Amino acid sequence: MTETKPLLSVRGLTVTFDDFVAVDGLSFDLHEGQTLAIVGESGSGKSVTALSIMRLVTLGTRAKIADGELLFRTPDGSVIDLVTQPEAVLRDIRGNEISMIFQEPLTSLNPVYTVGNQVAEAVMLHQGLHRKAANERALEMFDRVRIPEAARRLKEYPHQMSGGMRQRVMIAMALSCDPTVLIADEPTTALDVTIQAQILGLMRQLQDETDAAVMIITHDMGVVAEVADDVVVMNRSKLVESGSVFDIFERPQEPYTQALLASVPKLGSMAGTTKPARFDLVDFQ
Amino acid sequence: MPESLQPVSPDLPAGVSGIGAAPGREALRMFVRNKAAIFGVFLLTSMLILSFIVPLFFDRDPGARVGGPHVSPGSEGGGLMGTDNLGRDIWTIVIYGGAATLKIAAGASAMIIFVGLSLGALAGYYGGWVDSLLMRITEFFQVLPGLLFAIVVVALFEPSYWTITFAIGSISWPQLMRLTRAEFLRIKNLEYVKAARAIGASDLRIITRVILPNALPTLIVSATLIMGAAIVIEAGLAFLGLGDPGSLSWGFAIGRAREFFTTNWWAVTFPGMAIFLTVLGLSLVGDGLQDAYNPKLRGR
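Cut-offs and rules
- Residues numbered from 1 in each chain as written.
- Chains lettered and ligands numbered in written order.
- Predicted model: local features only at pLDDT ≥ 70, side-chain atom pairs only at ≥ 80, totals over all residues.
- Helix = DSSP H or I, 4+ residues; strand = E, 2+ residues; numbered from the N terminus.
- Buried ≥ 20, exposed ≤ 12 C-beta atoms within 10 Å, placed from the backbone.
- Contact = placed C-beta atoms within 7 Å.
- Nonpolar A, V, L, I, M, F, W, Y, C, P; charged D, E, K, R; others polar.
- Pairing = 2+ DSSP bridges.
- Axes fitted to C-alpha atoms, helices over the stretch in contact; angles between N-to-C directions.
- Arc of directions from axis to C-beta.

A. Seen up close, the overall build of chain A. Of regular secondary structure, chain A possesses 10 helices and 10 strands. Principal-axis analysis of the C-alpha atoms gives chain A an extent of 60 × 50 × 40 Å. Relative to its 285 residues, chain A shows a buried fraction of 47%. Put simply, 66% of the contacts in chain A that link residues at least 6 apart link residues at least 24 apart.

B. Focus on the interface of chain B and chain A. Each partner contributes to the interface: chain B provides 21 residues, whereas chain A provides 25 residues. Those elements giving two or more residues to the side of chain B that touches chain A turn out to be helix 7 (191–198) and helix 8 (203–242) of chain B. Here the element with the most residues in the side of chain B that touches chain A is helix 7 of chain B; it accounts for six residues. Of the residues that constitute the side of chain B that touches chain A, the class distribution is 11 nonpolar, six polar and four charged.

C. Just the sheet that holds strand 3 (residues 35–39) of chain A, in detail. Residue and element names in this part refer to chain A. The strand order across the open sheet built from six strands is 6-7-8-3-9-10, with neighbouring strands paired in mixed fashion. If you trace the sheet from one side to the other, it starts and ends with strand 6 (98–101) and strand 10 (238–244), each paired once. With strand direction ignored, the average angle separating the axes of adjacent strands in the sheet is 15°. Sheet strands touched by helix 1 (residues 46–53): strand 3, strand 6, strand 7 (181–185), strand 8 (213–218) and strand 9 (230–235). Its angle to strand 7, the strand with the most contacts, is close to 150°.

D. Structural detail: helix 10 (residues 255–262) of chain A. Residues and elements named next belong to chain A. The set of residues buried in helix 10 consists of Y256, T257 and L260. Each buried residue of helix 10 sits inside an arc of 100° when the element is viewed along its axis, so together they form one side. Those residues of helix 10 that are buried are in contact with strand 9, strand 10 and helix 9 (245–250).

E. The arrangement of the environment of B:S283 in detail. Following the sequence through the fold, B:S283 ends up in helix 10 (residues 266–293). The spatial distance from the C-alpha of B:S283 to the C-alpha of B:I199 is 41 Å, given a sequence separation of 84 residues.

F. How the structure looks around the sheet that holds strand 1 (residues 8–17) of chain A. Residue and element names in this part refer to chain A. With respect to topology, four strands assemble into an open sheet ordered 2-1-4-5, the strand pairing being antiparallel. The open sheet has two edge strands with one neighbour each: strand 2 (20–30) and strand 5 (79–81). In this sheet, adjacent strand axes meet at a mean angle of 5° when their direction is disregarded. As defined by bridge partners, strand 1 adjoins strand 4 (residues 63–73) across eight bridges and the pair is classed as antiparallel. Bridged to S9 within strand 4 is L71.

G. Region of the structure containing the environment of B:N264. All names here are of chain B. Looking at the secondary structure, you find N264 in the loop between helix 9 (250–257) and helix 10. By the C-beta count within 10 Å, which is 20 here, N264 ends up buried. Sequence spacing of N264 and E139 is 125 residues, and the spatial spacing of their C-alpha atoms is 43 Å. Apart from residues no more than four positions distant in its own chain, N264 is found in contact with H70, D84, N85 and A257.

H. Highlighting the pairing of strand 4 of chain A. All names here are of chain A. In the sheet, strand 4 pairs with strand 5 via three bridges, with the strands oriented antiparallel. Across the sheet, residue L71 finds its bridge partner in strand 5, namely D81. What sits between strand 4 and strand 5 in their antiparallel hairpin is a turn of five residues, with G77 showing a positive phi close to 100°.

I. Quick look at unusual backbone geometry. All names here are of chain A. The phi dihedral of R55 is positive, around 60°, even though this residue is not glycine. Topologically, R55 is positioned in the loop between helix 1 and strand 4. For D178, which is not glycine, the phi dihedral falls at a positive 50°. When the 14 C-beta atoms within 10 Å are taken as the criterion, D178 is described as partly exposed.

Next comes the structure, spelled out in structure tokens:
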């Protein structure tokens, strides 16, 4: 799979907030049909990386993309650097070719519009469809993300839906324009475990159907094992280790990766003990 | 069964009330149940009918003499509300004054809402130097003593519909601008705005279609109260003799009759009642909207 030309190639990405370096010289490739997981603890720069690819990181913050290239292969085959593109070009790419799903399905839908309306808006924005065609597209997307009674659900407001359903709506919105890259920033963190499994399963299925590249950001090793083909491990703004999911789980090379994997509790490992186990604090400076 | 133990909304089956409804419809339901707010709506519609519909069937000149001067209400030749010092019928003055007053109030409110919303939206959304610049301008207008500034503006130019409207509009927008800015500051960092940006929405689209509808409940409440304030300021100006002589507003009628207040109370009182009832109606509607959109603020 890695022989093909990458869809998105991140080269030496460096993002700073004033003096603080949030992402430091990060490089990785994302290929068609591939699922890449970016893992790391809180504050390691995962989300900043995702927002940088969307070029949304500088909005309303003091963040700056200080260095690096974000080479994106557009559907017509030309390669552009997202870092240098003007806002108008980026607006065409956002939602259309690169989409993003956010962590909080409870708050990432606009409370004053019906969910169907919101999906239709996304379609109208990029595909120049009329309201009627966009509504049909929204219905089709609701069916695709397996929302039961899609026609009725279209007319509901976000607060009338459960968290899992709302995340499905978000996915429907993100995929409504057939993007080639889907970035999911902790898409299941706010959901409970059974819903998590459903959403991850759905994302897998949809990826098989559309052949989109998925970049999933998570700190949950269970999610990584479930969906990822390849893994990028980040810590303190830097790339620690990257490789296929089997290599990372079977033969982690770096001590940080080993510690990260060791920190995942195993079912039954606490049997017979009454007190919580101590976690060895390791400092990898 | 004591009454307090009855279900909150016995007229609605479970699942239909509360969380089931659309946000706007739910607010409407709350509003309709609010007796004070409904009374406010009643007051306002009455005043509107009195000012705009009654004159259509009531062909009289508010400037014409109908009888002797200072005839008290109810007495021979005094009509419903008596006559003023020149024998003009107060009832006619009240009816025709409504349109003049409400037109100025509506014009001034439109200006306030337009200026306040657009500047507030720009300042709140873009932040940075745009915000600093717009806030300094707003603060400049805010520290001006409002009524005094309006007096100067009207006195400098001829008192006419447009100068009065402009004067009232120019002193009252900062409050709405700051409120709009605060709402935009709050909403622009919410996830759904980020999500809208991530599907490629432009700034204009985010301001008008994503943030503004969410800020609207708060702003509507404020706009209602601003309209009441505009009526009061207009009355103040007219009372001081700075009303438009071409259109006899309620305030103008009070100002004209103030010299005779001790002997001829009705010439001041009835136009004053009209102002009072209209502003009260607006305030009750404003409070009702606030309760309807934000039930947590109830009883505060």
